[in-house]
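The residues making up each chain are set out below.
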Amino acid sequence: MSVIIRLFLVSFLCTGISAAEGCFGYELLVERLENLENRLTNLLATSQDVVNGKINELSKNIAAGNLRISAGSVKIQNATDEKFSTITSKINDQNSRLEKIESMGKAVVKMLEQSHSGIETKHSRLTERLTTLETTGDAILSRQRSAESRINELTAGISTLGNQSRQILKNHNDLVVASCDMPTISGIYRLQKPNMNVFCDAVDAGGRWLYIQRRISDDVIDFERNWFNYVSGFGKIGALSSFWLGLEALHQLTSSANYELLIGIKNEHNVFREARYSEFKVSGANDGYRLTVGGYSGTAGDMLHNNAKFSTFDRDNDSSSTKNCAKDFHSGWWFDNCRNSNLNGPYQKASNGYGIEWGSWADAAKFSKMMIRRK
């Protein structure tokens with residue numbers, strides 16, 4: 001309590017009090033009050049110090065706690081951040097994988113779309129081709145039907161022509177001619193002398209030819225015959241048949257007029273050539289039906305033996321002193337010393353390697369013809 005306040009209190013309390021009584025008691029009270037004030041002041045100061053100390057200690061403790069909390073929080077935060085970072089990294093990895101998968105998926109979808117588009121395009125093209133093929137097939141079938149119809153018409157026409165040809169040939173058979181100079185149509189005619197059927201060719205090489213021999217694959221007959229068969233002739237006279245006219249007929253024809261000879265040969269390699277002789281004559285039986293030929297021209301080569309007699313396996317007239325050429329070469333022919341030509345040889349090669357022979361150019365010919373014509 002301040003001095004002024006104390007003096008005021010003492011003056012107020014001592015007013016009216018006698019001098020005897022004095023103000024001593026009041027002074028003691030004031031002193032006590034001062035002491036009490038001092039003690040209170042000290043107590044207040046001490047309490048304040050204590051409180052301040054406690055406050056300071058508490059502040060320190062709080063600060064320390066805050067530090068611990070801060071450190072823990074930092075650890076927790078760091079751990080949390082680390083886990084978050086790990087999780088974030090994993091999420092990023094997953095996102096990256098998902099992005100890759102999504103990219104791959106898009107690529108696959110694009111490929112599938114392209115494949116689907118390609119398949120649709122191919123399907124469209126195949127459909128177009130199928131349609132075209134069907135159209136072409138229909139056209140081919142239509143053409144085939146037309147061709148079949150045409151073939152049927154041609155077959156009928158050929159049949160009709162065949163009938164007409166047979167009738168013409170029959171009529172030719174009834175038509176007697178002095179020689180093949182007369183017919184203007186190829187076919188079978190009846191000769192006056194010798195009295196026999198012959199085939200006249202009115203077309204080949206100017207026409208007027210009389211066939212004396214033919215070998216064809218469609219009518220293979222055996223030409224390994226005896227003397228009598230070759231003299232009288234064998235086979236069927238016709239346009240599509242193999243035959244030999246006969247030696248006696250050749251003698252009668254060539255002794256009544258001058259004749260030329262035309263030979264046509266197709267060898268085993270399907271090459272066709274001709275040999276032509278401006279002179280051709282066959283003598284009679286007493287002379288062995290000796291051959292007289294001359295004036296060769298052509299592409300096949302001159303392979304006939306002038307002045308050779310005709311031989312068969314049972315009538316050896318060849319010039320060889322050691323062998324029977326007709327027997328060894330399985331035919332009848334104008335052999336000299338067995339070789340050079342043999343148009344009556346086997347249609348298939350014999351064991352000696354020879355068939356229908358004409359020099360070195362043909363040893364297994366597929367076709368031959370011999371025709372004579374009046375000069």
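Above: the structure in question.
The model shown is predicted, which means the values in this text are computed figures rather than measured ones. (Residues numbered from 1 in each chain as written. Predicted model: local features only at pLDDT ≥ 70, side-chain atom pairs only at ≥ 80, totals over all residues. Heavy atoms only, no water.)

1. Observations regarding the packing of aromatic side chains
This model, assessed by the stated rule, comprises 13 aromatic pairs. With centroids separated by 5.6 Å and ring planes inclined at 70°, the aromatic side chains of Tyr230 and Trp244 adopt a geometry described as edge-to-face. Of this pair, Tyr230 sits in helix 3 (residues 227–232) while Trp244 sits in strand 6 (residues 243–244); the two residues are 14 residues apart in sequence, bridging distant segments of the chain. We classify Trp244 as buried; its relative accessible area is 1%. When the ring of Phe329 is compared with that of Tyr354, the centres are 5.8 Å apart and the planes differ by 50°; the resulting orientation is tilted. With Phe329 in the loop between helix 5 (325–328) and strand 10 (341–342) and Tyr354 in the loop between strand 10 and strand 11 (357–358), this pair connects stretches of sequence that are 25 residues apart. Its relative accessible area of 9% is what places Phe329 among the buried residues. Three or more aromatic residues link up through ring pairs in this structure, and these residues are Phe223, Tyr230, Phe234, Trp244, Phe310, Trp333 and Trp334. A cation over an aromatic ring shows up here: Arg215 above the ring of Phe223, its NZ or CZ 3.9 Å from the ring centre. (Phe/Tyr/Trp six-rings, centres within 6.5 Å; stacked < 30°, edge-to-face > 60°. Helix = DSSP H or I, 4+ residues; strand = E, 2+ residues; numbered from the N terminus. Buried < 20%, exposed > 50% of the residue type's maximum accessible area, 1.4 Å probe, protein only. Lys NZ or Arg CZ within 6 Å of the ring centre and 35° of its normal.)

2. Comments concerning the side chain of Ser242
Looking at the secondary structure, you find Ser242 in the loop between strand 5 (234–235) and strand 6. A distance of 3.1 Å separates a polar atom in the side chain of Ser242 from the backbone nitrogen of Ile216. A polar contact is formed between the side chain of Ser242 and the backbone oxygen of Asp219, at a distance of 2.5 Å. (Polar contact = N/O pair within 3.5 Å; in protein donor to acceptor, adjacent residues only side chain to side chain.)

3. Notes on the side chain of Arg214
Residue position: Arg214 is located in strand 4 (residues 209–215). Buried charge Arg214 goes without a salt bridge, the closest partner of opposite sign being Asp201 at 6.5 Å. Within the local environment of Arg214, its side chain forms a polar contact with the backbone oxygen of Gly238, the two atoms lying 2.4 Å apart. Filtering out sequence-adjacent residues up to four positions away, Arg214 remains in contact with Phe199, Phe223, Gly238, Ala239, Leu240, Ser241, Ser242, Phe243, Phe367, Ser368 and Lys369. (Lys, Arg positive; Asp, Glu negative; His and termini not counted. Salt bridge = Lys/Arg side-chain N within 4 Å of Asp/Glu carboxyl O. Contact = heavy atoms within 4.5 Å.)

4. Let's talk about unusual backbone geometry
That bond from Lys193 to Pro194 is cis: its omega, -5°, falls within 30 degrees of zero. Looking at the element boundaries, Pro194 is found in the loop between strand 2 (187–191) and strand 3 (196–201). Backbone geometry at Asn270 places phi at a positive 65°, although glycine is not the residue there. Position of Asn270 relative to the elements: it lies in the loop between strand 7 (259–266) and strand 8 (272–282). Asn270 sits in the partly exposed class, given a relative accessible area of 49%.

5. With respect to the pattern of salt bridges
Counted by the stated rule, this structure contains 6 salt bridges. Ionic pairing is found between Asp287 and Arg290, a salt bridge with its closest N-O pair at 3.0 Å. Between Asp363 and Lys349 there is a salt bridge, with the nearest N and O atoms lying 3.7 Å from each other. Note that Asp363 is positioned in the loop between strand 11 and strand 12 (367–374) and Lys349 in the loop between strand 10 and strand 11, a separation of 14 residues in sequence. The exposure class of Asp363 is partly exposed, given its relative accessible area of 22%. Judged by relative accessible area, which is 48%, Lys349 ranks as partly exposed.

6. Concerning the state of the cysteines
Taken as a whole and judged by the stated rule, the model has 2 disulfides. The disulfide that involves Cys180 links it to Cys200, with 1.9 Å between the sulfurs. Across the S-S bond linking Cys180 and Cys200, the dihedral sits near -70°, which makes this disulfide left-handed. Taken together, the residues Cys180 in the loop between strand 1 (176–177) and strand 2 and Cys200 in strand 3 connect sequence positions 20 residues apart. (Disulfide = S-S within 2.5 Å.)

7. Concerning the nonpolar core
Judged by nonpolar contacts, the single largest core of 60 residues is most densely connected at Leu245, Ile263, Trp334 and Trp358. It is strand 7 that contributes the most residues to this core, 5 residues altogether. Among all residues touching Trp358, those that are not within four sequence positions of it are Ile263, Ile265, Ala275, Tyr277, Ala300, Gly301, Met303, Leu304, Asn340, Ser341 and Leu343. (Core = buried A, V, L, I, M, F, W, Y, C linked by side-chain atoms within 4.5 Å.)

8. Some details on the environment of Ala308
Topologically, Ala308 is positioned in the loop between strand 9 (291–298) and helix 5. Sequence-distant contacts of Ala308, defined by excluding residues within four places in its chain, comprise Tyr289, Arg290, Leu291, Trp334 and Phe335.

9. Concerning helix 4 (residues 247–256)
Taken as a whole, helix 4 has its buried residues at Leu247, Ala249, Leu250, Leu253 and Thr254. One side of helix 4 holds all its buried residues, which, seen down the axis, span an arc of 155°. (Arc of directions from axis to C-beta.)

Don't take any of this as a statement about function, it's just geometry.
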